[in-house]
Amino acid sequence: MPGPLVLAIWYVGIVLEIAFVVCSIARKSFFRYIFLNAYFLLGLGSDAGRYFFLSKFGQGSDEYRYAYFYTDALLTLALYLALISLYSCVFGELRFNRYVRFGAVILLLGTALFSYAVVVQSEQRLATAFAYELSQNLYFVGLVLTYILWGAMLKLRETRTRVVQFVLSLGLYFSAYAACYALGNLSNYPVVQYLSGGIGCLLPLAWTVTMWRHAEESRLEPARLLAVAR
Amino acid sequence: MMAALIFAVSVVTLLMFFVSYCRSLTAASSRYALSKEVRDVTGIHAFASGQDFTRVMQLLQLCPERPEDRLGLRAVAYYFEILNFLQKTVARLTPSVESWAEQERAGCANFAVVALDRRIAFSREVLAQQGEL
């Protein structure tokens with residue numbers, strides 16, 4: 001079993017995931033942000049699965065590592081869905097929303113098929129360095145997609161506080177994970193093992209705070225979001 | 001090579017998203033009208049300046065914590081440190097960065113004042129509820 005600190009961070013993460021779902025129900029926004037909620041519900045399911053493998057086979061076992069990285073890849077795909085729903089939210093009032101959805105479905109299917117093909121071909125290697133590389137690439141694609149969305153939001157002068165903070169938190173999360181995995185690949189040091197729990201807590205924490213503090217009608221001044229020295 | 005490139009790009013975007021996130025936090029408190037109590041306590045009547053930040057953070061520690069403030073305050077405190085670093089280094093060479101950083105520091109201080117205002121209101125509510133009991 002992992003140390004008490006790692007377990008404590010894990011439990012905090014679970015509590016925060018539940019907090020976001022409860023908060024969005026309390027704020028009557030569960031269906032408005034259904035994909036964000038679905039991601040956390042799936043996260044809770046994967047936590048249960050990981051705990052089962054951890055308690056049955058132990059931390060150092062291939063079974064646990066396989067379960068960890070496999071659920072991680074699935075969760076990243078679920079997070080893509082959440083990101084696409086934010087794309088839809090931002091482009092919802094524009095005429096090309098249909099094309100955004102179409103592009104998003106193609107991208108999701110493409111990523112899923114690519115990941116599936118890679119997993120099938122490398123089933124034996126999934127618990128090794130390859131899994132690191134796959135996760136690193138998935139997070140990096142997420143980071144690029146979030147960056148594009150953020151650029152579009154600035155261009156469209158998006159003012160909805162919730163949407164702005166959801167997207168920025170997601171960008172932080174993807175960047176931190178991609179950097180973490182890349183560092184792990186570079187140095188062969190298990191950085192992810194120590195940092196992933198903490199980083200994993202950041203997203204539900206930031207989203208819960210946003211959901212709790214800001215009403216759907218809350219607006220920001222778009223000019224204040226541009227970090228330009230004048 | 002690929003991992004090094006991904007690492008470099010991720011660190012740059014991490015910083016960029018962090019700055020934007022902090023700006024969205026401070027922007028959200030820019031329209032907040034301060035209460036009379038907090039104006040009296042801090043001596044700030046309309047908008048705080050960057051120099052007020054440390055003092056307001058000290059005042060914040062005297063009030064009972066609100067869990068929903070914690071993340072925002074911590075993020076803004078880190079952002080303030082980054083701005084201080086910028087002011088001591090890059091801003092000395094470029095005056096436009098100097099004025100921008102000062103404006104941002106003032107935004108951070110304003111965010112802290114608004115948090116203080118909310119904490120004071122929260123403490124009053126708790127006291128009132130205890131009084132009713």
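Just so it is clear, the structure is predicted and the values come from calculations on it, not from any experiment.

(A) Spotlight on the packing of helix H3 (residues 62-91) of chain A against helix H6 (residues 161-187) of chain A. Residues and elements named next belong to chain A. For the pair H3 and H6, the least separation of the axes is 11 Å and the interaxial angle reads 145°. The handedness of the crossing between H3 and H6 is left-handed. Note on element contacts: H6 touches H3 through Val-163, Phe-166, Val-167 and Leu-170, opposite Leu-83, Leu-86, Cys-89 and Val-90. In terms of residue class, the contact of H3 with H6 is built from eight nonpolar, no polar and no charged.

(B) Quick peek at the confidence of the model for chain B. Residue and element names in this part refer to chain B. Summarising the model, chain B shows a mean pLDDT of 87, and 99% of its residues fall at 70 or more. Looking over chain B, one finds the lowest element-wise mean pLDDT in helix H2 (residues 36-42), namely 85, and the highest in helix H3 (residues 52-62), namely 90. For this predicted complex, the interface confidence score (ipTM) comes to 0.83, while the overall pTM stands at 0.85.

(C) Representation of the packing of helix H1 (residues 2-28) of chain B against helix H4 (residues 67-88) of chain B within the structure. Residue and element names in this part refer to chain B. Look at H1 against H4: their axes get within 10 Å of each other, and the N-to-C directions meet at 120°. In terms of orientation, H1 and H4 fall into the oblique class. Here H1 runs over H4; the crossing is left-handed. Contacts between H1 and H4 involve Val-19, Tyr-21, Cys-22, Leu-25 and Thr-26 from the first element and Gly-72, Ala-75, Val-76 and Tyr-79 from the second. Of the residues contributing to the contact of H1 with H4, the split by class is seven nonpolar, two polar and no charged.

(D) Geometry of the interface of chain B and chain A. Each partner contributes to the interface: chain B provides 24 residues, whereas chain A provides 32 residues. If you list the elements that add at least two residues to the side of chain B that touches chain A, you get H1, H4 and helix H5 (95-132) of chain B. In the side of chain B that touches chain A, the residues fall into 15 nonpolar, seven polar and two charged.

(E) Geometry of helix H1 (residues 4-26) of chain A. All names here are of chain A. For H1, with 23 residues, the first-to-last C-alpha span of 32 Å sits near the 33 Å given by 1.5 Å per residue. Those residues of H1 not exposed but buried are Ile-9, Gly-13, Leu-16, Glu-17, Phe-20, Val-21, Cys-23 and Ser-24. Looking at the residues trailing H1, positive phi occurs at Lys-28, about 55°.

(F) Representation of the environment of Ser-24 of chain A. Within the fold, Ser-24 of chain A resides in helix H1. Dropping the residues within four chain positions of it, Ser-24 of chain A is found in contact with Ser-29, Phe-30, Tyr-33, Asn-37 and Met-211 of chain A.

(G) Structural view of the confidence of the model for chain A. Per-residue confidence for chain A gives a mean pLDDT of 83, with 84% of residues at or over 70. In the model of chain A, helix H4 (residues 97-121) of chain A stands out as the element of lowest mean pLDDT, 72, in contrast to helix H2 (residues 34-57) of chain A, which has the highest, 93.

(H) Spotlight on the nonpolar core. Ranked by internal contacts, the top residues of the largest apolar core, which has 83 residues, are Leu-83, Leu-86, Val-167 and Ala-178 of chain A together with Val-76 and Ala-112 of chain B. Ranked by residues supplied to this core, first place goes to H6 of chain A with 17 residues. With sequence-adjacent residues up to four places away left out, Ala-178 of chain A is seen in contact with Gln-136, Tyr-139, Phe-140 and Leu-143 of chain A together with Ile-6 and Ser-10 of chain B.

The rules behind each value
Residues numbered from 1 in each chain as written. Chains lettered and ligands numbered in written order. Predicted model: local features only at pLDDT ≥ 70, side-chain atom pairs only at ≥ 80, totals over all residues. Axes fitted to C-alpha atoms, helices over the stretch in contact; angles between N-to-C directions. Helix = DSSP H or I, 4+ residues; strand = E, 2+ residues; numbered from the N terminus. Left-handed = near helix turned anticlockwise from the far one by under 90°. Contact = placed C-beta atoms within 7 Å. Nonpolar A, V, L, I, M, F, W, Y, C, P; charged D, E, K, R; others polar. pLDDT = per-residue confidence, 0-100. Parallel < 35°, antiparallel > 145°, perpendicular 65-115°, else oblique. Expected span 1.5 Å × (residues − 1). Buried ≥ 20, exposed ≤ 12 C-beta atoms within 10 Å, placed from the backbone. Core = buried A, V, L, I, M, F, W, Y, C linked by C-beta atoms within 7 Å.

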